Amino acid sequence: MSTIALDFVRSLYENADAAHAFDHVLRVTRLAVHLAKAEGADVEIVRVAALLHDVADSRRDHHLASARMARDLLDDAPATFVDAVVHCIEAHRFSQPPEPATLEAQCLNDADKLDAIGAVGVARAFAFAGARGSRLWAYPLPELDQRIGLDREAYRRAHGGSQDYTPSHELLCKLAGLADSMYTATARQLARERHAFMMAFFRRLDEEAQGLR
Ligand code: ADP
Ligand code: NI
């Protein structure tokens, strides 16, 4: 299905939340195709994988469920194409295995991470917090850093679902590390400015929230 129709794909995402809505899929697709062209990856594999990467409703294992759905949706495409797309989708979660083993999968993984940082990343973190009813801000970053401790993944697993987990928590547990985890040189370059903007936003938020500005 190198011929997947955009309106059909849009209809598959009707139930998604603000952070994962079709807008996210379109942004990730645009970024992933840009990375694919710059890095010399197969653009069609990357494009179709990006369009279908979050298609399953379930959040927890959505990479595996989305990969299964993609295999069904692509049933009349050549097997090598389908396998390549399926691997990209299975390996798109930056917090979970498997690691992306192909250049195409690395492009999608990097594009999804780029959409989690910068101004859009900040907006998504607050949209997520708003949907949960979480507080906007709780502690300045240095204090939060102490509270979270060294095992950021474990802290996020334990507290990510609570209303006391704010976007600043998400910054320290996950978002601040994404720029350094890019696979492709093109994404690493794009991540630099997004990362700097995001960090500056959260530092400013600390100042305003404490009445220092
Ligand atoms: P993935 O689909 O790669 O597993 P997630 O669903 O964990 O990613 O996160 C998707 C987006 O939602 C990211 O931008 C992330 O920062 C944001 N997000 C996830 N959990 C939280 C949370 N508890 N608080 C704020 N933002 C969150
Ligand atoms: Ni995802």
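## Some words on the pattern of salt bridges
Applying the stated criterion to the full structure yields 11 salt bridges. Residue Arg47 is joined to Glu44 by a salt bridge in which the shortest nitrogen-to-oxygen separation is 3.3 Å. Linking Arg47 with Glu44, this pair stays in helix H3 (residues 43-52), spanning 3 residues, or about one helical turn. The class for Glu44 is partly exposed, based on a relative accessible area of 23%. Ionic pairing is found between Arg156 and Glu170, a salt bridge with its closest N-O pair at 2.9 Å. Placement of Arg156 in helix H9 (residues 152-159) and of Glu170 in helix H10 (residues 167-173) is noted, with a sequence separation of 14 residues between them. For Glu170, a relative accessible area of 13% corresponds to the buried category. Through salt bridges with shared partners, a single network forms among Arg27, Asp115 and Arg124.

## A short note on the domain arrangement of the chain
Per the domain assignment, the segments of the chain are domain 1 (6-99) and domain 2 (118-209). Between domain 1 and domain 2, the residue contacts involve 12 residues of the former and 13 residues of the latter. Counting every contact that joins domain 1 to domain 2 gives 0 salt bridges. Inspection of the region where domain 1 meets domain 2 yields 2 residue pairs in polar contact (both at pLDDT 80 or more).

## Side note on the site of ligand 1
Residues in close proximity to ligand 1 total 17 residues, the closest being Arg59, His62, Arg93, Gly160 and Glu170. Within the side chain of Arg93, a nitrogen or oxygen atom sits 2.4 Å from an oxygen atom of ligand 1. Between ligand 1 and Lys174, the relevant distance is 3.1 Å, taken from an oxygen atom to a side-chain nitrogen or oxygen of the residue. For ligand 1, whose free accessible area comes to 540 Å², the fraction covered by protein is 93%. Looking at the shell around ligand 1 element by element, the count peaks at 4 residues for helix H7 (residues 118-132). Taken together, the residues of the shell around ligand 1 break down into 6 nonpolar, 3 polar and 8 charged.

Thresholds, definitions, all that
- Throughout this description, residue numbers start from 1 for each chain and increase along the sequence as written.
- Following the order in which they are written, the chains are lettered starting with A and the ligands numbered starting with 1.
- The predicted nature of this model means local features are confined to residues of pLDDT at least 70 and side-chain atom pairs, given and counted, to a pLDDT of 80 or more, with totals for whole chains, interfaces and linings taken over all residues.
- Based on all heavy atoms of the structure, the side-chain values leave hydrogens and waters out of the count.
- The term salt bridge refers to a side-chain nitrogen of Lys or Arg lying within 4 Å of a carboxyl oxygen of Asp or Glu.
- Secondary structure is summarised from DSSP: a helix means a run of H or I of at least four residues, a strand means a run of E of at least two, and numbering begins at the N terminus for each.
- Summary of the burial criterion: residues with accessible area below 20% of their type's maximum are buried, those above 50% are exposed, and those between are partly exposed, where the area comes from a 1.4 Å probe applied to protein chains only.
- What marks off one domain from the next here is an automatic or database domain assignment.
- Contacts are residue-level and defined by heavy atoms, with any inter-residue pair within 4.5 Å sufficient.
- Nitrogen and oxygen atoms within 3.5 Å of one another constitute a polar contact, given that in protein one can donate a hydrogen and the other can accept it, and given that sequence-neighbouring residues count only through two side-chain atoms.
- Here, proximity means that at least one heavy atom of the residue falls within 4 Å of the molecule or strand.
- Computed by Shrake-Rupley with a 1.4 Å probe, the accessible areas treat only the displayed protein chains as cover when residues are assessed.
- Amino acid classes used here: Ala, Val, Leu, Ile, Met, Phe, Trp, Tyr, Cys and Pro are nonpolar; Asp, Glu, Lys and Arg are charged; the rest, including Gly, are polar.

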